[in-house]
Structures are given as C-alpha cells and as structure tokens.
Amino acid sequence: MKSENKNGCMWYDTDGNPLHPDRVGERPKVLYNEQTGKFVLWFHLDSSDYFAAHAGVAVADSPTGPFRFVREISPNGYDCRDMTLFRDTDGKAYLIYSSDWNKTLRIAQLTDDFLDVNGIFSHAFPEQEREAPTVFTKDGVYYMITSGCTGWDPNNALFGTSKNIFSGWKLIGDPCTGENARQTYFGQSAYVFEKDGVHYLMLDHWKPNDLQMSGYSILPIRIENGHLTVAFREYTDL
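None of the values given here were measured: they were computed from a predicted structure.

Our next topic: the sheet that holds strand 12 (residues 141–148). One open sheet holds the four strands; their spatial order is 11-12-13-14, and the pairing between them is antiparallel. A single partner strand is all that each edge strand has here, and the edge strands are strand 11 (130–138) and strand 14 (170–173). Between one strand axis and the next, the sheet turns through 30° on average, direction left out of account. The pairing of strand 12 with strand 13 (residues 158–162) spans five bridges and is antiparallel. Counterpart to Ile-145 in the pairing with strand 13 is Phe-159.

Our focus in this paragraph is the nonpolar core. Formed by 17 residues in total, the largest nonpolar core has its most connected members in Trp-42, Met-83, Leu-85, Leu-95 and Leu-110. Of all the secondary-structure elements, those providing two or more residues to this core are strand 4 (38–46), strand 5 (54–60), strand 7 (83–87), strand 8 (93–99) and strand 9 (104–110). Look past the residues within four positions of Leu-95 in its chain and what remains in contact with it is Trp-42, Pro-75, Met-83, Thr-84, Leu-85, Arg-106, Ile-107, Ala-108 and Leu-110. Listed in part, the 16 residues of the second largest apolar core include Ile-145, Ala-157, Ala-181 and Leu-203.

With glycine set apart, most residues show a phi of negative sign, and most peptide bonds adopt trans. The residue after Gly-65, namely Pro-66, is reached through a cis peptide bond having omega 5°. Mapped onto the elements, Pro-66 comes out in the loop between strand 5 and strand 6 (68–73). In this structure, Asn-76 takes a positive phi of about 55° despite not being glycine. Topologically, Asn-76 is positioned in the loop between strand 6 and strand 7. The backbone of Asp-139 shows a phi angle near 55°, a positive value even though the residue is not glycine. Mapped onto the elements of the fold, Asp-139 is located in the loop between strand 11 and strand 12. A relative accessible area of 71% means that Asp-139 is categorised as exposed.

Moving on, we get to the environment of Lys-38. For Lys-38, the position within the fold is in strand 4. On a C-alpha basis, the gap between Lys-38 and Leu-105 in space is 27 Å, while along the polypeptide they are 67 residues apart. Setting aside residues up to four positions removed in sequence, Lys-38 forms contacts with Leu-31, Tyr-32, Asn-33, Ala-60 and Asp-61. A polar side-chain atom of Lys-38 sits 2.5 Å from a polar atom in the side chain of Asp-61.

The next point concerns the packing of aromatic side chains. Counted by the stated rule, this structure contains eleven aromatic pairs. Taken together, a centroid distance of 4.7 Å and an interplanar angle of 45° make the contact between Tyr-32 and Phe-39 tilted. Residue classification places Tyr-32 among the partly exposed residues on the basis of a relative accessible area of 32%. Phe-39 gets classed as buried once you look at its relative accessible area, which sits at 18%. Judged by centre distance (6.1 Å) and plane angle (70°), the ring pair of Phe-125 and Trp-169 falls under edge-to-face. On the criterion of sequence distance, the pair formed by Phe-125 in the loop between strand 10 (117–124) and strand 11 and Trp-169 in the loop between strand 13 and strand 14 is long-range, its members being 44 residues apart. For the residue pair Phe-125 and Trp-169, the accessibility class agrees, reading buried in each case. Among the aromatic side chains, those forming a connected cluster through ring pairs are Phe-86, Tyr-94, Tyr-142 and Phe-166. Seen from the ring of Trp-101, Arg-81 lies directly overhead, with NZ or CZ sitting 4.2 Å from the centre. Here the guanidinium or amino end of Arg-106 rests over the ring plane of Tyr-78, the centre of that ring lying 3.6 Å away.

As paired strands, strand 9 and strand 10 are joined by five bridges and run antiparallel to one another. Pairing of Ile-107 across the sheet is with Ser-122, part of strand 10. Between strand 9 and strand 10, which pair antiparallel in sequence order, lie six residues; one of them, Phe-114, sits at a positive phi of approximately 65°.

One way to say it: the disulfide is the covalent bond shared by the sulfur atoms of two cysteines. Scanning the entire structure with this criterion turns up zero disulfides. Looking at Cys-176, it has no disulfide partner, and the nearest cysteine sulfur is the one in Cys-149, 16 Å off.

Next up on the list: the sheet that holds strand 7. Across the sheet, which stays open at both edges, the four strands sit in the order 7-8-9-10 with antiparallel pairing between neighbours. Both edges of this open sheet fall to strand 7 and strand 10, since each of them pairs with a single strand only. Put simply, the sheet's adjacent strands are angled 25° from each other on average, direction ignored. Pairing analysis gives five bridges linking strand 7 to strand 8, with the strands arranged antiparallel. Residue Thr-84 lies in a different strand from strand 8, and its bridge partner there is Ile-96.

Basis of the calculations
- Residues numbered from 1 in each chain as written.
- Predicted model: local features only at pLDDT ≥ 70, side-chain atom pairs only at ≥ 80, totals over all residues.
- Heavy atoms only, no water.
- Pairing = 2+ DSSP bridges.
- Helix = DSSP H or I, 4+ residues; strand = E, 2+ residues; numbered from the N terminus.
- Axes fitted to C-alpha atoms, helices over the stretch in contact; angles between N-to-C directions.
- Core = buried A, V, L, I, M, F, W, Y, C linked by side-chain atoms within 4.5 Å.
- Buried < 20%, exposed > 50% of the residue type's maximum accessible area, 1.4 Å probe, protein only.
- Contact = heavy atoms within 4.5 Å.
- Polar contact = N/O pair within 3.5 Å; in protein donor to acceptor, adjacent residues only side chain to side chain.
- Phe/Tyr/Trp six-rings, centres within 6.5 Å; stacked < 30°, edge-to-face > 60°.
- Lys NZ or Arg CZ within 6 Å of the ring centre and 35° of its normal.
- Disulfide = S-S within 2.5 Å.

Below, the structure is given as structure tokens:
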C-alpha cells in the first residue's frame, strides 16, 4: 500500500511506518550541532524496492544514541540515495546526495539546527552517474571522492575539485594507485575525516549476502599540488 505522510513523502510498505522493518536504512552520518547541543543523524531512507528514495533525520544527546526519529523527507523535492554530510569551516553544514536516479549529485545547505534543508542547493557532475560521495576541504579547495554506479560490484573511484561548494566541480581522476586500484581495493567511498592534519578515506567493503559482516578500510590521503593519492596499506594505528 502506498501512503503519504504529513511532510508529503511517500512510502510503499504495508503499515505506513517510515521505519518499518521492510524498509531500507543506509549510509548514516552524524554531525554535532553546537547551537542545540544535539547530535543529528541523516541517512538514506528507502522502500524495499528502492523507489521511495528519501532521507531520514534523527537526533540524540549522544553520538551513540539513542536517536529519536524526526522526519522523512525528499530534500528540496528531489530523490535521495547515497548521501553524506559535510560541515564547512564556517560552521555551515551540507547534505550531498545522489539524485535523479543516481545521474546527478546534489548539494543542499542545511538549516542552522541541521534538521532540515534550507532551500539553498545546487548540483555537481550531471549525467556522470556518481554515488557514495565524500567531501572535505584543504587549503581553500573542496575535494569530493565518489564511486561509480555498479550495484554491489566494486568499481574505480574518481575525485573532483572546486573552489566553491556549490559550483565549478570538475572530475579529475582516480586517486587510488597500485594493485586493485581500479576496484578501489574492493571497497566503496564512505567518509573522509581528518586526524592530526592527515585526511583519511574510509571505504565500505560490502558483503551483499551478509551485510552485517561488511567491514571497512581506513586509508591515508596524500594531497600534492591539488591531486589526491590513496594507496592501500595494511593495518597500522591511526
């Protein structure tokens, strides 16, 4: 049965519950909001057939929860699939998500409390079919690492750069190098974080037949003259 909630979002499960066990929740990302003192969680919220393509929002007092579900939305009226959150150096936060059936990446600024989009948005890489975005900034340049769209099968990552979060994005090339680079070391971009001045790329390693056993790689990113290099290496302490 198809239902509509008070936010105008549609779902396709039998009881109309946005968190029904038959639904899909993927790609969770959390930011801390200093103004409200809350941890805000965004995630890809979908029907079991992946036709709903929405985002879910939840809040908590702790980064580990428990989280209280706030809303299900179509950000700025567009379908939303693989997504990430990014907070800029000025404190503004953004939702970056695959849209138009994965043909376009959209960049939407969040409200000051991070609980909704504020209507300011743009897009990147139209008709390039990129997903699994990760975004960070270094020395005034924005970098975005993304994956191709090949389902559960690994593919090569690409990175792009821009001087403006909303415009001017250009695809540059594959940051991975060495053995299995064309398969992104059999992973998919999940997030980029910084520690002690070094940026690290987190990769999801999907096991579609046993998703709960999927794991991660965390690899350092080398940045030189605007080019990114990610080489695979065995485990070391961060």
